[in-house]
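Take a look at the letters that make up each chain.
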Amino acid sequence: MSTWNYVVTAHKPTSVSHSCVGHFTGPQQLNLIVAKCTRIEIHLLTPQGLQNETQDFLFIATERYKFCVLKWDGEKSELLTISVGDVSDRLGRPTDNGQIGIIDPDCRLIGLHLYDGLFNVIPFDNKGQLKEAFDIRLEELQVLDTKFLYGCVKPTIVVLYQDNKDARHVKTYEVALKDKDFVEGPWSQNNLDNGAGLLIHVPAPVGGVIIIGEETIVYCNGNSTFKAIPIKQSIIRAYERVDPDGFRYLLGDNTGTLHLLVLTQEGERVTGLKIEHLGETLIASSISYLDNGVVYVGSRFGDSQLVKLNLQSDATGSFVEVLERYVNLGPIVDFCVVDLDRQGQGHVVTCSGAFKDGSIRVVRNGIGINEQVLLATGGGHLVYLEIRDAKLVEVKHAQLEHEISCVDLNPVGENPQYSSLAAIGLWTDISVSIYSLPALELIWKENLGGEIVPRFRICFVLLEMVTCSVFYEMQVQHEESAIEELARDYNPNWMTAVEMINDDIYVGAENSYNLFTVRKNSDAATDEERGRLEVVGEYHLGEFVSRFCHGSLVMRLPDSEMGQIPTVIFGTINGVIGIIASLPHDHYVFLEKLQATLVKFIKGVGSLSHEQWRSFHSDKKTLEARNFLDGDLIESFLDLSMGQMEEVAKAMAVTVEELSKRVEELTRLH
């Protein structure tokens, strides 16, 4: 394997960290937005009678202290970047309890707690645009959670913190925007549950905050109202408000139990708390209430779920009905590659999930057995066949008006093994049509127009030390029953995975989500040089790699150029399965130029810099990526419009057909 590597995602992240519901794609469209590590998914819900006057924006903050505000352009069907900024502080000490981002309910400012002792404020102007950010000194160093309070004349935050004696308290501050400082808030509460770790702000007119502990739940609204209820010991990290007035909340704990917390009231005054056991779900990392008792439960440790909360319990006493499950391979703790069919195509067997949601999964990339076949035989001829009694039978033949560019037979409906509809793309009039099966009767046709073209996308011993020193290459002396050190890398990295590529080159992953390669200088003149591993490649993957393994996800065809390229498979805690392919130098140089060209046409979400994103970044250093290529970016060439493809091809001094063929060859690696 060479030092020139191509990194591409074969299975995208599936572990859910955050989710929210809002009117993002339009005032009258309800969206579920799900964050999966490096990926954001926007889902559209279509309940009847949904009405809203305003369209919501989406605020995103990254682990590298960048932020952006996004808006959906319904006419162009694309994301627009409204604001973008950087709130990093070279002298700041990153908080040990994780980054916290909160938005004032009246949209006056955004608050960020990123560094110990600092609260970052990003104000809004009268037109909703973000103004210049500033920092306010925060006395409390061990902040566990913070929220904005509802119904306050001035923006007011409540802070849950731990003092130097490990006692936990809450305190409120008003944000004085003019003075860029805190003013002592209206109330505080001392000596809470030692396990208190989560705040839930209650909407106006009731206001106040719910403090979630491991053994107690407390409602507090100044010194006048303090209500508490004991609970069975548990750790609650996910919650969701059910009603707009804020009297019912869903709580998900570390055992996968879903609870309903109810605030009892008299008028606008809270008189007590009640908690009810609803049933079992996966261990929730996020909960989003959609509508009509339907709830999305996102999980880091198992499959995510769409559940229905019923008014009546079932035979087991559960009020929770699972409607759908969404596969999550994360966290992939370990995996191996097995050629079960002995055809040269690997199956990835993963140890996935955690706690009660742990499982063994088998992942195969390729074409499964489908009892339906749809063929475009040229000249506009369309043939539909089915497998019946172990024989392939022609069921229907149709002559279409234009040449067929692509067909799709993915199952639609309740039966996942059979489709009653087929999608057909045509050249000449640039259209997509829907036909019924098995009759092949036209149901609907849409002329795409513009530049959109329907098309089919062909689809020795190395030791990893758990200390700061990275690589030691060792040789086992069998006669002496001893291990001899041959070479080492002196750069400090906290390793998470390592693989020996060949006698001289090794690939490693570390806990800042970076990849790097090192090379042994076997031909060096001195023992000192031969004993030093040279870093020859660096790259930010953005994923915590748990394991490397030699192998291939696809069948290696002897006549395919890509079939001769060696590959290493990696798995991550977010459920990603990826490929590292070592390229010949001439291939690498060509694709490096293509990558640099594509950056000019494909802009990152929030206008975030691709060069900065892929740079090797840790607490100690930031270096430009080298000798690694971003396969996800390169293969996105196939998603460009024809006009953009032509511009890219012109810059590369090749034809669109040649460039498409070369990129499609790369997709055969996974």
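Keep in mind that what you see is a predicted model, and the values were worked out from it rather than measured.

So, how was this worked out
- Residues numbered from 1 in each chain as written.
- Predicted model: local features only at pLDDT ≥ 70, side-chain atom pairs only at ≥ 80, totals over all residues.
- Heavy atoms only, no water.
- Helix = DSSP H or I, 4+ residues; strand = E, 2+ residues; numbered from the N terminus.
- Salt bridge = Lys/Arg side-chain N within 4 Å of Asp/Glu carboxyl O.
- Buried < 20%, exposed > 50% of the residue type's maximum accessible area, 1.4 Å probe, protein only.
- Pairing = 2+ DSSP bridges.
- Axes fitted to C-alpha atoms, helices over the stretch in contact; angles between N-to-C directions.
- Parallel < 35°, antiparallel > 145°, perpendicular 65-115°, else oblique.
- Contact = heavy atoms within 4.5 Å.
- 1 Å grid on protein atoms, 1.4 Å probe; cavity = no way out; pocket = protein on both sides within 12 Å on 5 of 7 lines; lining within 4 Å.
- Points joined across faces, edges and corners; volume = space filled by probe spheres on them.
- Nonpolar A, V, L, I, M, F, W, Y, C, P; charged D, E, K, R; others polar.
- Disulfide = S-S within 2.5 Å.
- Polar contact = N/O pair within 3.5 Å; in protein donor to acceptor, adjacent residues only side chain to side chain.
- Expected span 1.5 Å × (residues − 1).
- pLDDT = per-residue confidence, 0-100.
- Core = buried A, V, L, I, M, F, W, Y, C linked by side-chain atoms within 4.5 Å.

> Could you give me a rundown of the environment of P244, with the residues and numbers involved?
Here P244 is to be found in the loop between β20 (236-241) and β21 (248-253). The spacing of P244 and A204 is 40 residues in sequence and 9.6 Å in space, taken between C-alpha atoms.

> Report on the pattern of salt bridges, specifying residues and quantitative values.
Summed over the entire model, instances satisfying the criterion amount to 23 salt bridges. With a closest N to O distance of 3.2 Å, E41 and K36 form a salt bridge. K36 shares its class with E41; the two are buried. With a shortest N-O distance of 2.7 Å, R668 and E665 are connected by a salt bridge. One network of salt bridges, with partners in common, ties together E139, E140, K171 and E184.

> Give a detailed account of the pairing of strand β35 (residues 421-426), specifying residues and quantitative values.
Two elements, strand β34 (residues 404-408) and β35, share four bridges in a ladder whose sense is antiparallel. Following the sheet pairing, D408 is matched in β35 by A423. For β35 and strand β36 (residues 431-436), the ladder comprises six bridges, and the chain directions are antiparallel. What sits directly across from A422, in β36, is Y435. Here β35 hands over to β36 after four residues, with T428 in that stretch at a positive phi of 65 degrees.

> How would you sum up the packing of helix α5 (residues 642-652) against helix α6 (residues 656-667)? Please name residues and give values.
It is at 9 Å that the axes of α5 and α6 come closest, and there the two elements cross at 90 degrees. Our classification of the angle between α5 and α6 gives roughly perpendicular. On α6, the residues touching M642, M645, E646, V648, A649 and M652 of α5 are V656, L659 and S660.

> For empty space enclosed by the protein, give the residues involved together with the corresponding values.
In this structure, the largest cavity spans a volume of roughly 40 Å³. Forming the walls of the largest cavity are D489, N491, N493, F516, V535, E538, F616 and K621. Here the lining of the largest cavity is built from residues that sort into three nonpolar, two polar and three charged.

> Let's hear about unusual backbone geometry: which residues, and what values?
A cis amide bond links A204 with the next residue in sequence, P205, at an omega value of 10 degrees. Of note, the bond from G330 into P331 is cis; its omega dihedral lies within 30 degrees of zero at -15 degrees. Note that P331 resides in the loop between β27 (320-326) and β28 (334-338). Phi at C37 takes a positive value of approximately 55 degrees, unusual for a residue other than glycine. Taking relative accessible area as the criterion, C37 reaches 36% and is therefore assigned partly exposed. One non-glycine residue, K180, lies in the positive phi region at around 55 degrees. As for its position among the elements, K180 is in the loop between β14 (168-176) and β15 (181-189).

> Report on the state of the cysteines, specifying residues and quantitative values.
One pass over the structure, following the stated rule, counts zero disulfides. Cysteine C549 remains unbridged, with the sulfur of C336 as its closest cysteine sulfur at 7.0 Å. With a relative accessible area of 12%, C549 lands in the buried category.

> Provide a residue-level description of the side chain of T496, including the pertinent values.
The residue T496 is located in strand β41 (residues 495-500) in this model. Taking relative accessible area as the criterion, T496 reaches 14% and is therefore assigned buried. Polar side-chain contacts of T496 include one of 2.8 Å to the backbone oxygen of V545.

> So what's going on with helix α2 (residues 585-598)? Residues and values would help.
Over its 14 residues, α2 extends 20 Å from the first C-alpha to the last, a length consistent with the 20 Å expected when each residue adds 1.5 Å. If you check which residues of α2 are buried, you get H587, Y588, F590, L591, L594, Q595, T597 and L598. Residues of α2 that are buried make contact with β1 (5-11), α3 (610-614), β50 (628-630), α4 (631-635), α5 and α6.

> I'd love a proper account of the confidence of the model for the protein, names of residues and values included.
Put simply, the protein has an average pLDDT of 84, and 88% of its residues get 70 or more. Every residue in residues 452-470 is under pLDDT 50, and counting partners more than four places away or in other chains gives 70 contacts.

> I'd like to hear about α5, residue by residue, with values.
Listed as buried for α5 are G643, M645, V648, A649 and M652. Of the surrounding elements, those touching the buried residues of α5 are α2 and α6. Looking one or two residues past α5, A653 carries a phi angle of roughly 60 degrees, positive in sign.

> Could you give an account of the sheet that holds β20, naming the residues involved and the relevant values?
A sheet is described by the order of its strands in space; here four strands give the open sequence β20-β21-β22-β23, paired in antiparallel fashion. Two strands bound the open sheet, and with one partner strand each, they are β20 and β23 (269-280). The sheet shows a mean angle of 25 degrees between the axes of neighbouring strands, direction not considered.

> Describe the nonpolar core, with residues and values.
If you look at the biggest cluster of nonpolar residues, it comprises 36 residues, and the most contacted ones within it are Y6, I577, L591, L594, F637, V648 and L659. Among the secondary structure elements, those contributing two or more residues to this core are β1, β47 (577-582), α2, α4, α5 and α6. Counting residues per element, this core draws most heavily on α2, at five residues. Apart from residues no more than four positions distant in its own chain, V648 is found in contact with L594, T597, L598, F601, F637, L640 and L659.

> If you had to explain the packing of α2 against α6 to someone new, which residues and values would you point to?
The geometry of α2 relative to α6 is characterised by a closest axis approach of 13 Å and an angle of 110 degrees between their N-to-C directions. Classified by the angle between their axes, α2 and α6 sit roughly perpendicular to one another. Every residue of α6 that contacts α2 at H587, F590, L591 and L594 is listed here: L659, R662, V663 and L666. Partitioned by chemical class, the residues of the contact of α2 with α6 number six nonpolar, one polar and one charged.

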